[in-house]
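# A closer look at the structure
Here's the letter readout for the chains.
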Amino acid sequence: MGRPRVCEEERVLTPVRLPRSVRDALRDAAATRDVSVNLLVTRAVTEYLERLPDLDEQLDGRSS
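First, a word on scope: everything that follows refers to the structure included in this document. (Residues numbered from 1 in each chain as written. Predicted model: local features only at pLDDT ≥ 70, side-chain atom pairs only at ≥ 80, totals over all residues. Heavy atoms only, no water.)

### Brief notes about the overall build of the protein chain
On a plain count of helices and strands, the protein chain comes out with 3 helices and 0 strands. In the protein chain, the succession of helices and strands from N to C terminus is α-α-α. Here the protein chain, with 64 residues, has 5% of them falling under the buried criterion. Element-wise, carbon and sulfur atoms account for 53% of the exposed surface of the protein chain, whose accessible area totals about 6400 Å². (Helix = DSSP H or I, 4+ residues; strand = E, 2+ residues; numbered from the N terminus. Buried < 20%, exposed > 50% of the residue type's maximum accessible area, 1.4 Å probe, protein only. Areas by Shrake-Rupley, 256 points an atom, 1.4 Å probe, with all protein chains shown as cover.)

This is how it looks when you write it as structure tokens:
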């Protein structure tokens, strides 16, 4: 039996290039926590996107 689904939304394959050291660290972190690399990447990207300022905030902060 596989791991339970974390998300019911359709998944799409999105290849990315990572430095080997980052990929290895990601695999190690996933193995240590007994979760998939996919789960770690999905959570990390989601959290990063939630912290990004709105585009308007970025534009207001630029110096003229």
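### What about helix α1 (residues 20–33)?
Taking 1.5 Å of rise per residue, 14 residues should cover 20 Å, and α1 covers 20 Å from first to last C-alpha, within 8% of that figure. Within two residues after α1, Asp34 carries a phi angle of roughly 55°, on the positive side. (Expected span 1.5 Å × (residues − 1).)

### Regarding the pattern of salt bridges
Here the structure, examined in full by the defined rule, presents 1 salt bridge. Arg23 is the salt-bridge partner of Asp24, the closest N and O atoms lying 3.0 Å from each other. Taking the relative accessible area as the measure of exposure, Asp24 reaches 32% and is therefore partly exposed. Overall, Arg23 belongs to the partly exposed group, its relative accessible area being 28%. (Salt bridge = Lys/Arg side-chain N within 4 Å of Asp/Glu carboxyl O.)

### Notes on unusual backbone geometry
Despite not being glycine, Asp34 has its phi angle at roughly 55°, a positive value. Secondary-structure assignment places Asp34 in the loop between α1 and α2 (37–51).

### Remarks on a nonpolar patch on the surface
Where nonpolar side chains cluster on the molecular surface, the patch consists of Val37, Val41, Val45, Tyr48, Leu49 and Leu52 and spans about 500 Å² of accessible area. Structurally, the position occupied by Val37 is in helix α2. Of the residues examined, Val37 reaches a relative accessible area of 32% and is grouped as partly exposed. (Patch = residues over 30% accessible without salt bridge, like charges linked within 9 Å, V, L, I, M, F, W, Y side chains within 5 Å.)

Functional significance is not addressed by these values, which are geometric in nature.
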